[in-house]
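Structural overview
One-letter residues, chain by chain:
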Amino acid sequence: MVLMERMADKDREFIDILEKYEKLAFSVCYKMTGNYFDAEDMTQETFLSIYKSLESFDGNNPGGFVTRVAVNKCLDYLKRADRRAVPLEDSVLVQNVSCAPPPEDGILQEETRYELLKACNTLKPPYNEVAESYYCNGMTAAQIADVTGKKLKTVQTQIRRAKELLRKKIRKEDII
């Protein structure tokens, strides 16, 4: 008899929560899923979960409890939905596009790097060493200063001057 009364109290409490917070749960689920039918399913899952765990609920802040359960159900659903989604043909093609440059780009890049190295070697010291280290070897001004034992400002000035000399040299070669 006591068990029946406890079940009846639980059912009444659940019905009260359901009637008061069903729209709240649905709006949370709809906001998270963006789909009416998914929101209906998640609302149903929310209240099923609430019914199962109602005995452990202390009765404080039922709206917050419903919202928290709804959010958790939707997050779980969205994680599962991402894994089982069937990609459309266009999205598969876009994902499978290689990020690697075409082979001819690699050849042009190597040729440009070789021409830049050749131009750096035609500069007079110390600009040839600084230009090669900076433009061809990818060293920073601080790294060059550490390796050469020069002050950072000196290296930065040499890089700027080497850049200007290279610019003039390359423009002159383009004209010829």
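A brief structural summary. (Residues numbered from 1 in each chain as written. Predicted model: local features only at pLDDT ≥ 70, side-chain atom pairs only at ≥ 80, totals over all residues. Heavy atoms only, no water.)

Considering a nonpolar patch on the surface
Taken together, the side chains of Y30, Y36 and F37 define a hydrophobic patch exposed on the protein surface, amounting to about 360 Å² of accessible area. Residue placement: F37 occurs in helix α2 (residues 36–52). The class for F37 is exposed, based on a relative accessible area of 57%. (Patch = residues over 30% accessible without salt bridge, like charges linked within 9 Å, V, L, I, M, F, W, Y side chains within 5 Å. Areas by Shrake-Rupley, 256 points an atom, 1.4 Å probe, with all protein chains shown as cover. Salt bridge = Lys/Arg side-chain N within 4 Å of Asp/Glu carboxyl O. Helix = DSSP H or I, 4+ residues; strand = E, 2+ residues; numbered from the N terminus. Buried < 20%, exposed > 50% of the residue type's maximum accessible area, 1.4 Å probe, protein only.)

Brief notes about the pattern of salt bridges
Summed over the entire model, instances satisfying the criterion amount to 2 salt bridges. In this structure, E164 and R167 form a salt bridge, with 3.0 Å as the shortest nitrogen-oxygen distance. Remark: R167 and E164 occur in helix α8 (residues 152–175); sequence separation between them is 3 residues, near one turn of the helix. Judged by its relative accessible area of 35%, E164 falls in the partly exposed class. For R167, a relative accessible area of 32% corresponds to the partly exposed category.

Remarks on the packing of helix α5 (residues 103–121) against helix α6 (residues 127–136)
With their axes 8 Å apart at the nearest point, α5 and α6 run at an angle of 160° to one another. Classified by the angle between their axes, α5 and α6 sit roughly antiparallel to one another. The chirality of how α5 crosses α6 is right-handed. Contacts between α5 and α6 involve R113, L116, L117, C120 and N121 from the former and N128, A131, E132, Y135 and C136 from the latter. Looking at the contact of α5 with α6 residue by residue, the classes come out as 6 nonpolar, 2 polar and 2 charged. (Axes fitted to C-alpha atoms, helices over the stretch in contact; angles between N-to-C directions. Parallel < 35°, antiparallel > 145°, perpendicular 65-115°, else oblique. Left-handed = near helix turned anticlockwise from the far one by under 90°. Contact = heavy atoms within 4.5 Å. Nonpolar A, V, L, I, M, F, W, Y, C, P; charged D, E, K, R; others polar.)

Some words on the side chain of D38
Of note, D38 is situated in helix α2. Reaching out from D38, the side chain makes a polar contact with the side chain of Y77 at a distance of 3.0 Å. The residues touching D38, leaving out its near neighbours within four places in the chain, are T33 and Y77. (Polar contact = N/O pair within 3.5 Å; in protein donor to acceptor, adjacent residues only side chain to side chain.)

Side note on the nonpolar core
F14, I17, A25, F47, I50, L54, F57, F65, V66 and V69 form the largest nonpolar core, which has 10 residues in total. Listing elements by their share of this core, those giving two or more residues are α1 (2–33), α2 and α3 (62–84). In contact with A25, not counting residues within four places along its chain, are T43, F47, V66 and A70. C120, L123, A131 and C136 belong to the second largest nonpolar core, which has 8 residues in total. (Core = buried A, V, L, I, M, F, W, Y, C linked by side-chain atoms within 4.5 Å.)

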